Amino acid sequence: MYEGKIIKFYREKNQLTQEQLGEGICSGTHISKIERLQTEYAPEIITLLSERLGINIDNETRNLKNLKKRLNNWQNVIIMQLLDEMNSINNELEQDKFIQISEYINLYKLLKARYLLMNNNSDEAIIIIKEIQKIEHKLAPYDCNLLKHVLGIYYLSKHENLKAIQVLKSIQEEDYNNREYYYHLAVAYHSIESPVMAYFYADKSRQFFKEINNYLRVIDAEMLMIIQVKDDGDFTGTISRFENLIQSCDLCNAPDRKAKVLHNLAFEYYRRKNYLQASRFYNKSMSHKDIESGPYLLSLEGYIRSSFDGRLLPSNELLQLAKEGLETAIKKNQLLYINLFNLLCYLIQNKQQEYHKFLRDQALPMFKKFGFVYLIRRSKKELFNYYTELKLTGQALKMAHLIINH
């Protein structure tokens, strides 16, 4: 089975016809049948053809057989989010000469799309996804479900959360042993503010991550579970759970995850109007992040807002921070943060008319386009309060209608 594919690969690489390769050994017709796996053949013939091609057929066969094992290892590394190993295996596979002739080519392409999505390269990923969708009816059951999983992750990257839920829930678990997709379902439900379903699937993903001893992803799942619990009364239980996650991040030497936990804890304090603690934890989160990254800008925006609402810093310092954030957002072409920091600049300078005009005409349409549910809801409430204060009854009622129907 493998020998015929290998012979064909090296024959074409050496630009030989079947007759030229078989001269003195066997007919070109016989080689054609060997390459198409349509005949039995003597081992001696394969040995002679291999010698003519200058290859060790046993080594080449072994490499081709091991390809499935290497692809499975790559997928496990991707699930574990071991970035250095993930990149190393990707580089090795890109150089593998047998990928294109392997029966695992579709598995490789789907894992490549998943890898690209993890590196925020959705444009290249969707090209591969669409290519595989054309032959979906020919895929093995596992690959078919992997396609759905990768497509769901793509939809998440584009904030198309309802599409993500639809495709992820169509996965047949009996044909797909990677229950990591529960985590992505939880993220999608969280994004549309469905806390019960988000908690349910986050818990299922946590169980899976525990089974495979993936403690970093256990942290991810548990953090997602914590932020679904809106206990506006006694906050001590939630704080304790956050503190345990922070300790877990330290034990696992995971500063990137610690930054996320600190950010979410800051938001919980902000939601409860404890602006001092919110600004403190936003600041701690920022200390673990690249100052030009999106996650840093998100925490910076939270830090400025909590400091502004709590009157913790003078206006000139807050405005300088907002301008620095805006400058970075423009430099990195981060549309979300360009809008958020523009809003902050207007807010800090008490330019109410400009703030609400920008919010209505620029920011809110962008939030709607990309499905930022929390920001959409916050923006509508701000506009409702603004119109009410100005006694613009018609516009206030219109905004109230949007809030109710949201």
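What counts and what doesn't
Residues numbered from 1 in each chain as written. Predicted model: local features only at pLDDT ≥ 70, side-chain atom pairs only at ≥ 80, totals over all residues. Heavy atoms only, no water. Helix = DSSP H or I, 4+ residues; strand = E, 2+ residues; numbered from the N terminus. Buried < 20%, exposed > 50% of the residue type's maximum accessible area, 1.4 Å probe, protein only. Contact = heavy atoms within 4.5 Å. Areas by Shrake-Rupley, 256 points an atom, 1.4 Å probe, with all protein chains shown as cover. Expected span 1.5 Å × (residues − 1). Arc of directions from axis to C-beta. Salt bridge = Lys/Arg side-chain N within 4 Å of Asp/Glu carboxyl O. 1 Å grid on protein atoms, 1.4 Å probe; cavity = no way out; pocket = protein on both sides within 12 Å on 5 of 7 lines; lining within 4 Å. Points joined across faces, edges and corners; volume = space filled by probe spheres on them. Nonpolar A, V, L, I, M, F, W, Y, C, P; charged D, E, K, R; others polar. Phe/Tyr/Trp six-rings, centres within 6.5 Å; stacked < 30°, edge-to-face > 60°.

Novice: Got a sec to walk through the overall build of the protein? Specific residues and values, please.
Specialist: Scanning the protein from N- to C-terminus turns up 23 helices and zero strands. With respect to the three principal axes, the spread of C-alpha positions in the protein is 95 × 45 × 40 Å. A total of 406 residues make up the protein; the buried ones form 48% of that total. Partitioning the intrachain contacts of the protein with sequence separation of at least 6 by distance along the chain shows that 57% fall at a separation of at least 24. With an accessible surface of roughly 21200 Å², the protein has 49% of that area assigned to carbon and sulfur atoms.

Novice: How would you sum up helix α9 (residues 122–133)? Please name residues and give values.
Specialist: Counted at 1.5 Å a residue, the expected span for α9 with its twelve residues is 16 Å, and the 16 Å between its end C-alpha atoms agrees. Here α9 has its buried residues at Ser122, Ala125, Ile126, Ile128, Ile129 and Ile132. All buried residues of α9 project into a common sector of 160° when viewed along the axis, lining one side. In α9, the exposed positions that point more than 90 degrees away from the buried face belong to Asp123, Ile127 and Lys130. Each element contacted by the buried residues of α9 is listed here: α8 (105–118) and α10 (141–157).

Novice: I'd love a proper account of unusual backbone geometry, names of residues and values included.
Specialist: A positive phi angle is found at Arg311, which is not glycine, with a value near 55°. Under the relative-accessibility criterion, Arg311 is labelled exposed at 77%. Not every positive phi belongs to a glycine, and Asn333 is a case in point at roughly 55°. Examined against the element boundaries, Asn333 turns out to sit in the loop between α19 (315–331) and α20 (335–348).

Novice: Can you lay out the pattern of salt bridges for me, pointing to particular residues and giving the numbers?
Specialist: Considering all chains together, one arrives at 25 salt bridges under this definition. Note that Arg377 and Glu193 form a salt bridge whose closest N and O atoms lie 2.3 Å from each other. Here Arg377, found in helix α22 (residues 373–389), pairs with Glu193, found in the loop between α12 (181–191) and α13 (195–211); they are 184 residues apart in sequence, far enough to count as distant. Owing to a relative accessible area of 24%, Arg377 belongs among the partly exposed residues under this scheme.

Novice: Which residues make up empty space enclosed by the protein, and what are the values?
Specialist: Counted under the stated rule, the structure contains one cavity of 30 Å³ or more. Computed from the structure, the largest cavity encloses a volume of approximately 30 Å³. For the largest cavity, the full set of lining residues is Tyr2, Lys5, Leu64, Ser102 and Glu103. In the lining of the largest cavity, the residues fall into two nonpolar, one polar and two charged.

Novice: Can you break down the environment of Leu297 residue by residue, with the values?
Specialist: Locating Leu297 in the fold gives a position in helix α18 (residues 294–309). Overall, the relative accessible area of 0% leaves Leu297 in the buried class. Once the C-alpha coordinates of Leu297 and Asn350 are considered, the two residues, 53 residues apart in sequence, prove to be 22 Å apart. Apart from residues no more than four positions distant in its own chain, Leu297 is found in contact with Gly325, Thr328, Ala329, Tyr337 and Phe341.

Novice: Can you break down the layout of surface pockets residue by residue, with the values?
Specialist: Taken as a whole, the second largest pocket spans an internal volume of roughly 640 Å³. In this structure, the second largest pocket is lined by 20 residues; those nearest its centre are Tyr270, Arg305, Asp309, Arg378 and Glu382. Counting residues per element, the lining of the second largest pocket draws most heavily on α22, at eight residues. Split into classes, the residues belonging to the lining of the second largest pocket amount to eight nonpolar, three polar and nine charged.

Novice: Explain the packing of aromatic side chains to me, and be specific about the residues and the numbers.
Specialist: The final tally for this structure, using the stated rule, is 18 aromatic pairs. Here the aromatic rings of Trp74 and Tyr115 are separated by 5.8 Å at their centres, their planes lie at 45°, and the arrangement is tilted. Pair noted here: Trp74 is in helix α6 (residues 67–80) and Tyr115 is in helix α8, with a separation of 41 residues, a long-range link. Residue classification places Trp74 among the buried positions, given a relative accessible area of 0%. With relative accessibility at 10%, the residue Tyr115 sits in the buried group. Here Tyr346 and Phe358 contribute two aromatic rings whose centre-to-centre distance is 5.9 Å and whose plane-to-plane angle is 55°, an arrangement assigned as tilted. Taken as a pair, Tyr346 in helix α20 and Phe358 in helix α21 (residues 352–370) lie far apart in primary sequence, twelve residues in all.

Novice: Describe α20, with residues and values.
Specialist: Counting along an α-helix, one turn takes 3.6 residues, and residues three or four places apart therefore face a common direction. Compared with the 20 Å implied by 1.5 Å per residue over 14 residues, the 20 Å span of α20 between its first and last C-alpha is a close match. With twelve of 14 residues buried, α20 is to be regarded as a mostly interior element. Considered for burial, the residues of α20 that qualify are Leu336, Tyr337, Ile338, Asn339, Leu340, Phe341, Asn342, Leu343, Leu344, Cys345, Leu347 and Ile348. Looking at the packing, one finds that the buried side of α20 touches α18, α19, α21 and α22. One or two steps after α20, the chain reaches Asn350, where phi turns positive at roughly 60°.

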